[in-house]
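Chain residues, written in single-letter form:
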Amino acid sequence: MNNEFYPLFFSFHFYLFGLIALASALLFVTRKSPVAAALWLVNVMFCLAALYVMLDAQFIGAIQVLVYAGAIMVVFLFVVMLLNLGRPEDVSDIRGQFPRLAAGAVGLALLAEVMVLARAKFPAQIESAIPSGDLSRGEPGGIIGPVAELLLKDYVLAFELSSMLLLTAIVGAVVIGRKRS
Amino acid sequence: MVAESLALSAALFTIGVIGVLTRRNAIILFMCVELMLNAVNLSFVALSTLYGAAGQVFVLFVITVAAAEAAVGLAIVIAIFRHRQSVNLDDINLLKG
């Protein structure tokens, strides 16, 4: 894909949302208060939803807003406020000097490795092994058609198993979280 | 745009790892894991523009598993908080020899 293929308007907003996501993620790991951290993470997720829409994955963008920003983060905020952990100035949970340096070194090494891997070529045999729907537009079913076709044909077993997983998670969360008398 | 997305995904994943290594609050650790899952989702979606819709299907499964993980994990955090009155990981050392 060439860069000159995209109009300036598109590129500008792509970089804008990317930079906002990056800045919000940095603010998220450096906030002391869990509530502030959770709200910055919500911001990251909204920006990622915008990027998904720009990458022609509109359905995933909607799911990102509904499930991630809407449901999962509300659960996080609910737990933070339920536990009532006191004022953030009194209890900083960021580790000391040495773990921070070690984390920085690990982070740099990981970033370099992932950047190198991102430039590597996808092996051809893997490419041909994945059943892949055609993402071209203008087909019956619209933008969600190819995803639905794959999800309900090739991956239908995993689809059904994920419903079992969710049921197990509901039961497990209730059993673990209830008060023992 | 795919290369930029992969670079952003790598950066977000690294920020998540640094968060896991430097924080002690169990809830914030969970949120860092969610950030890492989101970074991987971004790679999946970016590569799905080149290799077909299978990447988007995987993203749906990742979101499902993340929801289940958040529910069970936060229930465990609440159960631990009832016992120890703390979510600081340094206080949770019952299995330490």
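*Asks:* An account of the overall build of chain A is requested, with residue identities and associated values reported.
*Replies:* The secondary structure content of chain A amounts to 7 helices and 0 strands. What you see in chain A, going N to C, is helices and strands ordered as α-α-α-α-α-α-α. Counting over 181 residues, chain A shows a buried share of 30%. Surface exposure of chain A reaches about 11400 Å², of which carbon and sulfur atoms provide 70%.

*Asks:* Any chance you could break down the state of the cysteines for me, citing the residues and the numbers?
*Replies:* This model, assessed by the stated rule, comprises 0 disulfides over all chains. We note that A:Cys47 lacks a disulfide partner, and the nearest cysteine sulfur, in B:Cys32, lies 17 Å from it. What makes A:Cys47 buried here is its relative accessible area of 4%.

*Asks:* Kindly report on the pattern of salt bridges, identifying the contributing residues and their values.
*Replies:* Oppositely charged side chains can form a pair if their charged atoms are brought close together. Residues and elements named next belong to chain A. For the structure shown, the criterion picks out 1 salt bridge over all chains. Across the salt bridge formed by Lys153 and Glu149, the nearest N and O atoms sit 4.0 Å from each other. With Lys153 and Glu149 both in helix H6 (residues 145–153), this residue pair falls 4 residues apart, about one helical turn.

*Asks:* Can you break down the packing of helix H1 (residues 8–30) of chain A against helix H2 (residues 26–51) of chain B residue by residue, with the values?
*Replies:* Two elements in contact, H1(A) and H2(B), have axes whose closest approach is 11 Å; the angle formed by their N-to-C orientations is 160°. Classed by the angle they form, the pair H1(A) and H2(B) counts as roughly antiparallel. The hand of the H1(A)/H2(B) crossing is left-handed. Here A:Ala25, A:Phe28 and A:Val29 of H1(A) come into contact with H2(B), specifically with B:Ile28, B:Met31, B:Cys32 and B:Leu35. Its residues placed into classes, the contact of H1(A) with H2(B) shows 7 nonpolar, no polar and no charged.

*Asks:* Can you break down the nonpolar core residue by residue, with the values?
*Replies:* With 63 residues, the main nonpolar core has A:Phe76 and B:Met31 as its most contacted residues. Elements that contribute at least two residues to this core include exactly H1, helix H2 (34–54), helix H3 (58–83) and H6 of chain A together with helix H1 (2–22), H2 and helix H3 (54–84) of chain B. By residue number, the principal contributor to this core is H3(B), which donates 12 residues. Apart from the residues within four sequence positions on either side, B:Met31 is in contact with A:Phe28, A:Pro34, A:Ala38, A:Leu41, A:Met73 and A:Phe76.

*Asks:* Before we move on, can you summarise the interface of chain A and chain B with the specific residues and values?
*Replies:* Taken together, the 82 residues of chain A in the interface contact 65 residues of chain B. For the pair chain A and chain B, the two sides together bury roughly 6500 Å², of which 79% comes from carbon and sulfur. Our enumeration of links across chain A and chain B arrives at 0 salt bridges. The interface formed by chain A and chain B includes 8 residue pairs in polar contact (both at pLDDT 80 or more).

*Asks:* An account of a nonpolar patch on the surface is requested, with residue identities and associated values reported.
*Replies:* Residues A:Leu152, A:Val156, A:Leu157, A:Phe159, A:Leu161, A:Met164, A:Leu167, A:Ile170, A:Val171, A:Val174 and A:Val175 make up a contiguous nonpolar surface patch of about 1000 Å² in total accessible area. Tracing the backbone through its elements, the reader meets A:Phe159 in helix H7 (residues 156–177).

*Asks:* Report on a positive patch on the surface, specifying residues and quantitative values.
*Replies:* A cluster of basic side chains, namely A:Arg178, A:Lys179, A:Arg180 and B:Arg82, defines a positive patch on the protein surface. Take A:Arg178: its relative accessible area is 48%, and that puts it in the partly exposed class.

*Asks:* Give a description of the packing of aromatic side chains that names residues and reports values.
*Replies:* A complete count under the given rule lists 3 aromatic pairs over all chains for this structure. Ring geometry for B:Phe44 versus B:Phe58: centroids 5.7 Å apart, planes at 35°, classification tilted. Here the residue B:Phe44 occupies a position in helix H2, and B:Phe58 occupies one in helix H3, the gap between them amounting to 14 residues. Looking at B:Phe58, the relative accessible area reads 30%, which means it is partly exposed. An aromatic cluster is defined as three or more aromatic residues linked by ring pairs; in this entry it consists of A:Tyr155, B:Phe44 and B:Phe58.

*Asks:* Talk me through H2(A); I want residue IDs and the actual numbers.
*Replies:* With 21 residues, H2(A) ought to run about 30 Å at 1.5 Å a step, and its terminal C-alpha atoms sit 30 Å apart, in line with that. Phi for A:Asp56, located one or two positions after H2(A), is positive at around 65°.

*Asks:* Run through the side chain of B:Thr64, naming residues and quoting values.
*Replies:* Mapped onto the secondary structure, B:Thr64 falls in helix H3. For B:Thr64, a relative accessible area of 18% corresponds to the buried category. Setting aside residues up to four positions removed in sequence, B:Thr64 forms contacts with A:Ser162 and A:Leu166.

*Asks:* Tell me about the confidence of the model for chain B, and name the residues and values.
*Replies:* Residue and element names in this part refer to chain B. A residue-level look at chain B finds 99% of positions with pLDDT of 70 or above and a mean pLDDT of 88. Averaged pLDDT values for the elements of chain B fall to 89 in H1 and rise to 91 in H2. Of the two predicted TM-score estimates for the complex, the pTM is 0.84 and the ipTM is 0.91.

Scoring rules and cut-offs
Residues numbered from 1 in each chain as written. Chains lettered and ligands numbered in written order. Predicted model: local features only at pLDDT ≥ 70, side-chain atom pairs only at ≥ 80, totals over all residues. Heavy atoms only, no water. Helix = DSSP H or I, 4+ residues; strand = E, 2+ residues; numbered from the N terminus. Buried < 20%, exposed > 50% of the residue type's maximum accessible area, 1.4 Å probe, protein only. Areas by Shrake-Rupley, 256 points an atom, 1.4 Å probe, with all protein chains shown as cover. Disulfide = S-S within 2.5 Å. Salt bridge = Lys/Arg side-chain N within 4 Å of Asp/Glu carboxyl O. Axes fitted to C-alpha atoms, helices over the stretch in contact; angles between N-to-C directions. Parallel < 35°, antiparallel > 145°, perpendicular 65-115°, else oblique. Left-handed = near helix turned anticlockwise from the far one by under 90°. Contact = heavy atoms within 4.5 Å. Nonpolar A, V, L, I, M, F, W, Y, C, P; charged D, E, K, R; others polar. Core = buried A, V, L, I, M, F, W, Y, C linked by side-chain atoms within 4.5 Å. Buried area = accessible area lost by both parts, 1.4 Å probe. Polar contact = N/O pair within 3.5 Å; in protein donor to acceptor, adjacent residues only side chain to side chain. Patch = residues over 30% accessible without salt bridge, like charges linked within 9 Å, V, L, I, M, F, W, Y side chains within 5 Å. Lys, Arg positive; Asp, Glu negative; His and termini not counted. Charge placed at Lys NZ, Arg CZ, Asp CG, Glu CD. Phe/Tyr/Trp six-rings, centres within 6.5 Å; stacked < 30°, edge-to-face > 60°. Expected span 1.5 Å × (residues − 1). pLDDT = per-residue confidence, 0-100.

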